[in-house]
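Overview (structure and organization)
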Amino acid sequence: MPQDVPPAVRMYELLYSSVTSQLLIAVAELGVADHLGDGESRHVDDLAKLTDSHPGSLYRALRALASIGVFTEVEERVFGLTPLAATLRGDADGSMRDLARYVGLAPRQQAFGALLHSVRTGTPAFDHVHGVSWWEYLTSHGELASVFNAAMGNMSQLVNGATLESYDLSGAKHLVDVGGGKGHLVASILKRYPEMTAVVYDLPRVVPAAEEVLRAEGVADRAKCVGGDFLEWVPDGGDLYIVSWTLHDWDDEDSVALLRNIRAVLPADGTLIVIDEVPPPGDAPHFGKFEDIVMLTLLTGHIRTEAELVPLFEAAGLRITEIRPTSSPTSVIVAVPA
Ligand SMILES: C[S@@+](CC[C@H](N)C(=O)[O-])C[C@H]1O[C@@H](n2cnc3c(N)ncnc32)[C@H](O)[C@@H]1O
């Protein structure tokens, strides 16, 4: 917290921080950044035409965002990209555009409007508002599920590069990515380790999208997609199992069930890698402490500290050997059979 700002002023800013998020969602939805190439700038009137928006209002939106480093006003009413604004381009390396669209989904936003319910009761505001769980809602709303899956694709790109840089997987022969989503992590790993084969394991409805990604990434000859429920069973045959950006979605009981199902098929010399945020205890800042509130509001999951993770792994017959931080907010949690 900046020391030179009176607490009431800082609180005013913090209370309005959702305005920043809403502005980012709006310009991502409009595709403003997609109309600005590297080093290119455009008058706001052009941008308004290209994005079918109101010039004066788009100016106010971009001026506010430029004041925090997203876009830059290079001359009066003429805007260009900054590195932060470039992440809102759909085709950017490290694009966050799909994540912005997902954060903006109305049913998700309505749940956050009822966050107080979660804090009062410990149960998901999403279920309170919509009468069904997040996962049930996605199952019956295919268009939302596509936005969610695309957003998870953005997150995997962010997390995958950081994971692969920090952890050497060269000893592994056959990888099973449990809750592997659209297969981005498997594709990155197989490209890096040409001898490895892999399975992307996820809900049956996700399989077609994952198959498409594996084909597009040119690794379909070494990877297959399997549909199923990881709370029931996990495919065998791997010497390396990965659970990326997924364990935090589940409460302790389901997390142990998932870990036990992996333990049941993990060979004695096999390795489980869980990629997740592991915030430090106490006041230390860590983005995981906010992602944890997303879990509280939408799901029954938790972002867990090391002290909270250890007993879950132990209950599943696993032993954590290392928790390695990466350049993204996630850490690599390495476990072996106990
Ligand atoms: C937060 S996403 C993470 C996806 C991917 N691992 C990544 O890093 O982008 C959680 C994944 O778990 C999958 N999932 C949820 N419930 C599942 C279940 N019961 N069995 C198998 N997969 C499930 C979802 O479809 C989704 O792809």
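Residues numbered from 1 in each chain as written. Predicted model: local features only at pLDDT ≥ 70, side-chain atom pairs only at ≥ 80, totals over all residues.

**Digging into the sheet that holds strand 2 (residues 72–75)**
Within a beta sheet, neighbouring strands are joined by backbone hydrogen bonds and run either parallel or antiparallel to one another. Across the sheet, which stays open at both edges, the three strands sit in the order 1-3-2 with antiparallel pairing between neighbours. With partners counted over all chains shown, the strands left at the sheet margins are strand 1 (41–43) and strand 2, one partner each. Each strand of the sheet is rotated relative to its neighbour by a mean of 40°, with strand direction disregarded. Sheet topology places strand 2 next to strand 3 (residues 78–80); three bridges connect them, and they run antiparallel. (Pairing = 2+ DSSP bridges. Helix = DSSP H or I, 4+ residues; strand = E, 2+ residues; numbered from the N terminus. Axes fitted to C-alpha atoms, helices over the stretch in contact; angles between N-to-C directions.)

**Here's the deal with the site of the ligand**
The local shell around the ligand holds 18 residues, among which Ser156, Gly179, Gly181, Phe230 and Trp245 are the closest. The element contributing the most residues to the shell around the ligand is helix 11 (residues 142–166), with three residues. Of the residues assigned to the shell around the ligand, the class counts are nine nonpolar, six polar and three charged. (Near = placed C-beta within 6 Å. Nonpolar A, V, L, I, M, F, W, Y, C, P; charged D, E, K, R; others polar.)

**Comments concerning the packing of helix 2 (residues 17–30) against helix 4 (residues 55–66)**
Two elements in contact, helix 2 and helix 4, have axes separated by 10 Å at closest approach and are oriented at 125°. What the angle tells us is that helix 2 and helix 4 run oblique. The handedness of the crossing between helix 2 and helix 4 is left-handed. For the pair helix 2 and helix 4, contact is made by Leu23, Ala26 and Val27 and by Ala61, Ala64 and Leu65, respectively. The class makeup of the residues in the contact of helix 2 with helix 4 is six nonpolar, no polar and no charged. (Parallel < 35°, antiparallel > 145°, perpendicular 65-115°, else oblique. Left-handed = near helix turned anticlockwise from the far one by under 90°. Contact = placed C-beta atoms within 7 Å.)

**Here we look at helix 16 (residues 306–315)**
For helix 16, the complete set of buried residues consists of Leu309, Leu312 and Phe313. Around the axis of helix 16, the buried residues are gathered within 95° of arc, so they sit on the same side. Relative to its buried face, helix 16 has exposed residues pointing more than 90 degrees away, namely Ala307 and Pro311. Positive phi shows up at Gly317, right after helix 16, with a value of about 80°. (Buried ≥ 20, exposed ≤ 12 C-beta atoms within 10 Å, placed from the backbone. Arc of directions from axis to C-beta.)

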